[in-house]
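Chain by chain, the residues:
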Amino acid sequence: MKNTLPGAPYFHYGDTGLMVEGLALSALAQEHGTPLYVYSKASMVGALAAYQAGFAGRKAQICYAMKANSSLGVLQVFARAGCGFDIVSGGELARVRAAGGDMAKVIFSGVGKTRDEMRDALAAGIGCFNVESEAEIDVLNAVAVAMGLRAPISIRVNPNVDPKTHPYISTGLKGNKFGIAHERTLATYQHAATLPGLRIVGIDCHIGSQITEEAPYLDALDRMLDLVQAIEAAGIRLEHIDFGGGLGIQYQNEAPPAADALWAKLLQKIDARGLGEHTLMIEPGRSLVGNAGVCLTEVLYLKPGEQKNFCIVDAAMNDLPRPAMYQAYHAIVPLEPTKTADEAAVYDVVGPVCESGDWIGRDRALMVQPGERLAVMSAGAYCMSMASNYNTRGRAAEILVDGDRAIVIRQREAISDLFRGEQLAD
Ligand SMILES: *Cc1c(COP(=O)(O)O)cnc(C)c1O
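This is a predicted model, so every value here is computed, not measured.

Caption draft 1: Region of interest: the nonpolar core. With 98 residues, the main nonpolar core has Y64, F78, F129, I153, I203 and F243 as its most contacted residues. Element by element, the count of residues in this core is highest for helix α8 (residues 215-233), at nine residues. Discounting chain neighbours no more than four positions away, the residues touching Y64 are N69, V74, L75, F78, G84, F85, D86, P284, G285, L288 and V289. Membership of the second largest hydrophobic core comes to 21 residues, among which are L23, L25, A29 and V38.

Quick look at the structure:
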């Protein structure tokens, strides 16, 4: 079988079909049922190592952007590897705590932090609030003063560069809701410096997600470093420069830059301005976990049609929301290379949910029969963390594979879980 596994080096075909590390995926599907998420620990640790290699010999902190995959078993892998976490809610803060993460390495991003979330994070002693508006600065100051504390802050700059990605996952353009406009940044720092409840520790930006070209990064960094110099010239010292996340992965034919090669170029720019003494921080999400995971699903029915053939599987948009949300592509491959010599047919691979938007792949050539299983590739990021219970479907189980060990890190949701907290009106 030719290489049908874009970007996923920890998955390969062996004697027993598709394998992850030392285990056959069909055996995991047999034992745990489908739909089933399976992650390779070595893949996550390997992706992290590429960043760590890029930062060798530097003061640097990698904060895993946990919204990409916030399952406790995944967070624990990163916590043990020394990662911090980029969180976007009080719920994510609680997950970091439950996974044994270091609060001092937590940074809190997001445009809509509530006062309660600010209080929790201040009490926990997180490392930095990435502040996203002038209004938020004053609220955070008031909350910190009331607690007798000083909140460590960084201002998220909107550098107004086009990351050339899907509009829904571009965040660093003027029309996006994120960050403080480049032109307003210096004045905002000067205002923040006068507030007794704040301590300025850094600057940050994050321009988008699934970025596959280096040019937007290089442009954004130039703009950010201009600001660092202007802010420091105004007498405000920054301890860290946080350059966000967003590095893309290969889902199909994309060829994103490697993390270490990209960082070699970015570090050159930082050093050229004499700013290399700052602690560097980054917030990668997708690039650490995306290609570490697959979603296994069973073919329920084949439904040939005049215009389209449908391959109906037991995973759906509630499990794998990216195609419905962003027309995203996931490779879909058989777990067992087929034994029949039948011609492959072209199918739309769809789930059971009652929405025409419930598709997982379009126009895919597959040789499949009902009862056979498929792997939806590159499903480690923004899949389970976006999963829902739509159509009263329980969320899938998750397995973390470490060599030849398979650890259940999330049990399949039971029907009773889906009713929890509900009651009849009378
Ligand atoms: C989502 C997000 C990230 C991570 O983005 P990826 O594309 O998954 O690397 C980093 N920083 C912030 C502020 C984010 O919102």
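After presenting the structure, the write-up continues.
Caption draft 2: Structural context of the site of the ligand. Close contacts around the ligand come from 14 residues, with K67, S209, E283, R286 and Y382 the closest. The side chain of S209 places a nitrogen or oxygen atom 2.3 Å from an oxygen atom of the ligand. A distance of 2.7 Å is found between an oxygen atom of the ligand and a backbone nitrogen or oxygen belonging to R286. Surface burial for the ligand is 94%, taken as the share of its 390 Å² of free accessible area covered by protein chains. When its residues are assigned to classes, the shell around the ligand shows three nonpolar, six polar and five charged.

Caption draft 3: Molecular detail of the sheet that holds strand β1 (residues 11-14). The three strands are arranged β1-β2-β3 in an open sheet whose pairing can be described as antiparallel. Sheet topology places β1 and β3 (23-24) at the edges, where each strand pairs with a single neighbour. Strand direction decides the pairing type here: strand β2 (residues 17-20) and β3, joined by two bridges, are antiparallel. Each residue of the ladder has a partner; that of V20, found in β3, is L23.

Caption draft 4: Quick look at the packing of helix α4 (residues 90-98) against helix α5 (residues 115-124). The N-to-C vectors of α4 and α5 enclose an angle of 25°; their axes lie 9 Å apart at closest approach. On the basis of the axis angle, α4 is roughly parallel to α5. Classified by chirality, the crossing of α5 by α4 is left-handed. The segment α4 lies against α5, with G90, L93 and R97 engaging E117, D120, A121 and A124.

Caption draft 5: Expanded view of the domain arrangement of the chain. When cut into domains, the chain gives domain 1 (4-40 + 290-419) and domain 2 (109-284). Distance between the C-alpha centres of domain 1 and domain 2: 35 Å. Counting from both sides, the interface comprises 13 residues of domain 1 and, opposite them, eight residues of domain 2. Counting each side, the surface lost to burial between domain 1 and domain 2 is near 880 Å², with a carbon and sulfur contribution of 56%. Sorting the residues of domain 1 by area buried against domain 2 places P6, Y326 and Y329 first, and these three jointly supply 49% of that buried surface. Summed over the shared surface of domain 1 and domain 2, the number is zero salt bridges. Our count for the domain 1 to domain 2 interface comes out at three residue pairs in polar contact (both at pLDDT 80 or more).

Basis of the calculations
- Residues numbered from 1 in each chain as written.
- Predicted model: local features only at pLDDT ≥ 70, side-chain atom pairs only at ≥ 80, totals over all residues.
- Heavy atoms only, no water.
- Core = buried A, V, L, I, M, F, W, Y, C linked by side-chain atoms within 4.5 Å.
- Buried < 20%, exposed > 50% of the residue type's maximum accessible area, 1.4 Å probe, protein only.
- Helix = DSSP H or I, 4+ residues; strand = E, 2+ residues; numbered from the N terminus.
- Contact = heavy atoms within 4.5 Å.
- Near = heavy atom within 4 Å.
- Polar contact = N/O pair within 3.5 Å; in protein donor to acceptor, adjacent residues only side chain to side chain.
- Areas by Shrake-Rupley, 256 points an atom, 1.4 Å probe, with all protein chains shown as cover.
- Nonpolar A, V, L, I, M, F, W, Y, C, P; charged D, E, K, R; others polar.
- Pairing = 2+ DSSP bridges.
- Axes fitted to C-alpha atoms, helices over the stretch in contact; angles between N-to-C directions.
- Parallel < 35°, antiparallel > 145°, perpendicular 65-115°, else oblique.
- Left-handed = near helix turned anticlockwise from the far one by under 90°.
- Domains from an automatic or database assignment.
- Buried area = accessible area lost by both parts, 1.4 Å probe.
- Salt bridge = Lys/Arg side-chain N within 4 Å of Asp/Glu carboxyl O.

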